[in-house]
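# Structure at a glance
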Amino acid sequence: LMSFPSQAMPMLMGTDWTYLFPPVPQSAGDEIATGRCLPAAKRMHKDPESVFKDFQHELQAMSTYCGEYNKNADSRPFPNNHPLLVMDPK
């Protein structure tokens with residue numbers, strides 16, 4: 001456990017992870033495509049690839065926010081004058 005934090009971690013941003021998603025079975029594909037298997041509030045995505053694409057966009061937005069926060073860190077009063085170096089997903 002002591003050496004786990006030093007392991008090289010895979011990049012979350014800018015890397016295509018869609019090859020890890022198993023193919024959707026044909027019987028489930030029709031229900032997923034029409035959204036019948038999900039409640040109305042959850043029918044935003046039709047396939048894992050579109051969920052992953054949205055996740056990538058959200059990570060980019062978070063990275064942009066962290067970059068702006070870090071750039072202005074020295075202009076904030078203590079204790080908020082430290083950058084978020086470990087929070088940036090890039």
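Residues numbered from 1 in each chain as written. Predicted model: local features only at pLDDT ≥ 70, side-chain atom pairs only at ≥ 80, totals over all residues. Heavy atoms only, no water.

### Details of unusual backbone geometry
Stated precisely, the cut-off is as follows: Segments assigned H or I by DSSP are reported as helices when at least four residues long, segments assigned E as strands when at least two residues long, and all are numbered from the N terminus.
Across the junction of Phe-78 and Pro-79, the peptide omega takes the value 10 degrees, indicating a cis bond. Its place among the elements puts Pro-79 in the segment after helix H2 (48-71).

### Comments concerning a nonpolar patch on the surface
To be explicit about the condition: Residues forming no salt bridge and having over 30% relative accessible area are the ones grouped into patches, like charges within 9 Å of each other and nonpolar side chains (Val, Leu, Ile, Met, Phe, Trp, Tyr) within 5 Å. The accessible surface values rely on the Shrake-Rupley method and a 1.4 Å probe; as for residues, cover is taken only from the protein chains in view. Within this document, salt bridges are pairs made up of a side-chain nitrogen of Lys or Arg and a carboxyl oxygen of Asp or Glu, the two lying within 4 Å of each other.
A contiguous nonpolar patch, built from Met-62, Leu-85, Val-86 and Met-87 and spanning about 440 Å² of accessible area, is present on the exposed surface. One can find Val-86 in the segment after H2.

### A look at the environment of Leu-85
Spelled out, the test is: In this scheme, a residue with accessible area under 20% of its type's maximum is buried, one over 50% is exposed, and one in between is partly exposed, where area comes from a 1.4 Å probe on protein chains only.
The residue Leu-85 is located in the segment after H2 in this model. Overall, Leu-85 belongs to the exposed group, its relative accessible area being 65%. Through-space distance from the C-alpha of Leu-85 to that of Asn-70 is 7.5 Å; in sequence the pair is 15 residues apart.

### Some remarks on the environment of Asp-88
Test applied: Contact criterion: two residues are considered in contact whenever any of their non-hydrogen atoms come within 4.5 Å of each other.
Within the secondary structure, Asp-88 is located in the segment after H2. The exposure class assigned to Asp-88 is buried, which follows from its relative accessible area of 15%. Among all residues touching Asp-88, those that are not within four sequence positions of it are Ser-63 and Cys-66.

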